Amino acid sequence: MNAQDWANARTIIAGAYAKIEAGGGKVRIKQAVFNELTEAGYPDLAEMLMSYSAMEGAVSVSDKPIINIINSQVGNLNLGSQIGNINTSLSVVSQQGASGKDFAEAVKAVTEAVLGAAELNDAQKKEAVQSLEFISQEAATPPEQRKTGVLRTVVESIPKVLSAAASAVAIWAKYGSHIRLFFGF
Amino acid sequence: MSPINFEPIAKLHPEYRTLLADLAMWLAKRAMGFKRERMPTIDPRDLAKAWPNVDRMDLSLLLHLLVQAGAFRTVYKVITPSGVMADGEFDDPRQIPEKLPDRFNEYFDTSEADVVPILKPVER
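As the structure is a prediction and not an experimental result, all values here were calculated from the model.

1. Here's the deal with the interface of chain A and chain B
Many analyses report the size of an interface as the accessible area lost when the parts associate. Between chain A and chain B, the contact holds 32 residues from the first and 37 residues from the second. Roughly 3200 Å² of surface becomes buried between chain A and chain B when both sides are summed, with 62% attributable to carbon and sulfur atoms. The interface formed by chain A and chain B holds 4 salt bridges in total. Between K30(A) and D114(B) there is a salt bridge, with its nearest N and O atoms 2.7 Å apart. Seen at the junction of chain A and chain B, the total is 12 residue pairs in polar contact (both at pLDDT 80 or more). Put simply, the parts of the chain that give the side of chain A that touches chain B at least two residues each are helix 1 (3-22), helix 2 (27-39), helix 3 (43-58) and helix 5 (80-93) of chain A.

Structure below.
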């Protein structure tokens, strides 16, 4: 597909998606629009439309990125995938009642504190974000499947990594207990 | 897990090389969560949440390229009223019947439900 074809395809998909949205987005209207595109000779676009529609629907207001990275905060560090993984895990955990919401809020606050801490160097920020990524993923895992021993060690290591930044230490003092409480230690 | 070689797709679509590399890493990470080593399925909703800043049209095309290359195939699944996927899967969304059983084997009206495409790895 060349650039022009792709530009045309985007327009067709966007138009078809607007029809789905106008029709309430449920199965029947999706089937009808899928059929319309297929019969018009665009089966590939019909398939792409279904993916696009699922993705648009997935990112509701409550699922929007929980942690926002400001470029200046992370310098040359590429933490996009870690932050993406944290956001994905927190979206799952925040659905798990009050303790899940508290946990998500705590991890969000600590992660943002890490990213914004001028006193932490790149290596320290990376280490802290990787630890937060790990504990978020573990939180999204059923309790019986969690690597509890490693998890406890990683949670306990976070305040040590943050010790160079007073602001991050203060945030950990406020929120760290929510993280421990969620895991039951 | 036998990793899928995205290089042939990247050669044909160099503008997606970086995204393909990121996708390969994302899949590898997800595969580590399984007891048996296997390539995980792709739910576009997970991708959208994991990569909120990537244009979703581009992601749709990327997924289509994976299917076109024969690495994955698309099946369609219906979301039950309680928000989980019903067991049945369909090669074409137009094959979805008017009623389907939920996880408790109670039939629900699919016209008020949502449908999502799921990409399943093609076994070689």
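2. Considering the packing of helix 2 of chain A against helix 3 of chain A
Residues and elements named next belong to chain A. Two numbers describe how helix 2 lies on helix 3: the axes approach to 7 Å, and their chain directions differ by 150°. As the angle between them shows, helix 2 and helix 3 are arranged roughly antiparallel. With respect to the hand of their crossing, helix 2 and helix 3 are arranged in right-handed fashion. Only P43, L45, A46, E47, L49, M50 and S53 of helix 3 make contact with helix 2, whose side of the interface consists of K30, V33, F34, L37 and T38.

3. Description of the packing of aromatic side chains
The description of two aromatic rings rests on the distance between their centres and on the angle between their planes. All told, the structure shown has 7 aromatic pairs over all chains when counted by the stated rule. On the numbers, 6.1 Å between centres and 75° between planes, the contact of F34(A) with Y76(B) is edge-to-face. With F34(A) in helix 2 and Y76(B) in strand 1 (residues 72-79), this residue pair bridges two chains. Residue F34(A) is classed as buried on the basis of its relative accessible area, which comes to 6%. We classify Y76(B) as buried; its relative accessible area is 2%.

4. Some details on the nonpolar core
With 52 residues, the main nonpolar core has L23(B), I42(B), L66(B) and F72(B) as its most contacted residues. Beyond its immediate sequence surroundings of up to four residues, F72(B) is in contact with I4(B), L27(B), M39(B), P40(B), I42(B), L66(B), V67(B), L119(B), K120(B), P121(B) and V122(B). The next biggest cluster of nonpolar side chains, apart from the first, holds 34 residues, and it includes L79(A), V93(A), A104(A) and Y175(A).

5. Topic: the pattern of salt bridges
Side chains carrying opposite charge are able to pair once their charged atoms draw close together. The full count for this structure, using the stated rule, is 14 salt bridges over all chains. Close ionic contact of E138(A) with K147(A) constitutes a salt bridge, the shortest N to O distance being 3.6 Å. Taken together, the shared-partner salt bridges in this structure form one network comprising R73(B), K77(B), E89(B), D91(B) and K120(B).

6. Section: helix 2 of chain A
Residues and elements named next belong to chain A. In this model, helix 2 (13 residues) spans 18 Å end to end at C-alpha, consistent with the 18 Å of a helix rising 1.5 Å per residue. Of all the residues in helix 2, the buried ones are V27, K30, Q31, V33, F34 and L37. Two residues or fewer past helix 2, G41 is found with a positive phi of approximately 95°.

Rules used throughout
Residues numbered from 1 in each chain as written. Chains lettered and ligands numbered in written order. Predicted model: local features only at pLDDT ≥ 70, side-chain atom pairs only at ≥ 80, totals over all residues. Heavy atoms only, no water. Contact = heavy atoms within 4.5 Å. Buried area = accessible area lost by both parts, 1.4 Å probe. Salt bridge = Lys/Arg side-chain N within 4 Å of Asp/Glu carboxyl O. Polar contact = N/O pair within 3.5 Å; in protein donor to acceptor, adjacent residues only side chain to side chain. Helix = DSSP H or I, 4+ residues; strand = E, 2+ residues; numbered from the N terminus. Axes fitted to C-alpha atoms, helices over the stretch in contact; angles between N-to-C directions. Parallel < 35°, antiparallel > 145°, perpendicular 65-115°, else oblique. Left-handed = near helix turned anticlockwise from the far one by under 90°. Phe/Tyr/Trp six-rings, centres within 6.5 Å; stacked < 30°, edge-to-face > 60°. Buried < 20%, exposed > 50% of the residue type's maximum accessible area, 1.4 Å probe, protein only. Core = buried A, V, L, I, M, F, W, Y, C linked by side-chain atoms within 4.5 Å. Expected span 1.5 Å × (residues − 1).

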